[in-house]
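# Descriptive analysis of the structure
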Amino acid sequence: MDTNNWRPGQAEPAMDTADWRTQWPLDYRLRIVNKILDTLMRHLPVSGQEGWNELRKIAVRFEEKIYTGATSQSDYLRKISLKMLTMETKAQTAMANNLPSNSAENL
C-alpha cells in the first residue's frame, strides 16, 4: 500500500440516504490523518523514511477504522479527539513522572 498517495476508501452506502459520510469532503479526512500523524510523530520515536511510512500507515488505519465505525460526524470527531487527547495526556503524565522529585531543590 502506497501511503504517500493514500486516498480513503469509500464507505459502504448505507440504507439511509442521509448517511453523514456522503457529505464529508475527502480533504477533511486527509487533514485529520495528517493531524493524527503529527501527534504520533510527537510521541513515538521514528527513524528515517521507513519509520515515517510506518507511522503514516498507523494513522491511516486508525482514521479508517473510526470513519467506518462512526455513526455521525460528531461521533467521528469525538472518537478521534478523545484518542488524541488520551495520547497527549499519557505523554504529559509520563514526562511528569520522569522528572526528579527534588529538581527544584537543586537550583
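Residues numbered from 1 in each chain as written. Predicted model: local features only at pLDDT ≥ 70, side-chain atom pairs only at ≥ 80, totals over all residues. Heavy atoms only, no water.

## Quick word on the overall build of the protein
- Within the protein, the secondary structure is distributed over three helices and zero strands.
- For the protein, the succession of helices and strands along the chain, N to C, is α-α-α.
- In the protein, which comprises 107 residues, the proportion classed as buried is 28%.
- Working note: accessible area of the protein is about 7,700 Å², and carbon and sulfur atoms make up 55% of it. (Helix = DSSP H or I, 4+ residues; strand = E, 2+ residues; numbered from the N terminus. Buried < 20%, exposed > 50% of the residue type's maximum accessible area, 1.4 Å probe, protein only. Areas by Shrake-Rupley, 256 points an atom, 1.4 Å probe, with all protein chains shown as cover.)

## Quick word on helix α2 (residues 48-69)
- Over its 22 residues, α2 runs 32 Å from end to end, which matches the ideal 32 Å to within 8%, given 1.5 Å per residue.
- The secondary structure elements touched by the buried residues of α2 are α1 (26-43) and α3 (73-98). (Expected span 1.5 Å × (residues − 1). Contact = heavy atoms within 4.5 Å.)

## Looking at the packing of aromatic side chains
- Within this structure, the stated rule accounts for six aromatic pairs.
- Measuring from centroid to centroid gives 5.3 Å for Trp-20 and Tyr-67, while their planes differ by 70 degrees, and the two rings are edge-to-face. One end of the pair, Trp-20, is in the segment before α1; the other, Tyr-67, is in helix α2, with 47 residues separating them in the sequence.
- By the ring-pair criterion, three or more aromatic residues cluster together here, those being Trp-20, Trp-24, Tyr-28, Tyr-67 and Tyr-76.
- Between the NZ or CZ atom of Arg-21 and the centre of the ring of Tyr-67, over which it lies, the distance is 5.6 Å. (Phe/Tyr/Trp six-rings, centres within 6.5 Å; stacked < 30°, edge-to-face > 60°. Lys NZ or Arg CZ within 6 Å of the ring centre and 35° of its normal.)

## Side note on the nonpolar core
- Residues Ile-36, Tyr-76 and Ile-80 are the most contacted members of the largest nonpolar core, which totals 17 residues.
- At the level of elements, α1, α2 and α3 are the ones that each hand at least two residues to this core.
- Not counting residues up to four positions away in its chain, the partners in contact with Ile-36 are Ala-59, Phe-62, Glu-63, Ile-80 and Met-84. (Core = buried A, V, L, I, M, F, W, Y, C linked by side-chain atoms within 4.5 Å.)

## Brief notes about the pattern of salt bridges
- In this structure the tally under the stated criterion is seven salt bridges.
- Between Arg-21 and Asp-19 there is a salt bridge whose closest N-O contact spans 3.1 Å.
- Under the relative-accessibility criterion, Arg-21 is labelled buried at 14%.
- A relative accessible area of 9% places Asp-19 in the buried class.
- Notably, a salt bridge pairs Arg-31 with Asp-27, separated by 4.0 Å at the nearest N-O pair. (Salt bridge = Lys/Arg side-chain N within 4 Å of Asp/Glu carboxyl O.)

## Overview of the confidence of the model for the protein
- Of all residues in the protein, 75% attain a pLDDT of 70 or more, and the chain-wide mean is 81.
- Between the elements of the protein, mean pLDDT differs from a low of 87, seen in α3, to a high of 94, seen in α2.
- Note on residues 11-15: pLDDT is under 50 here. Beyond four places in sequence and across chains, it has four contacts. (pLDDT = per-residue confidence, 0-100.)

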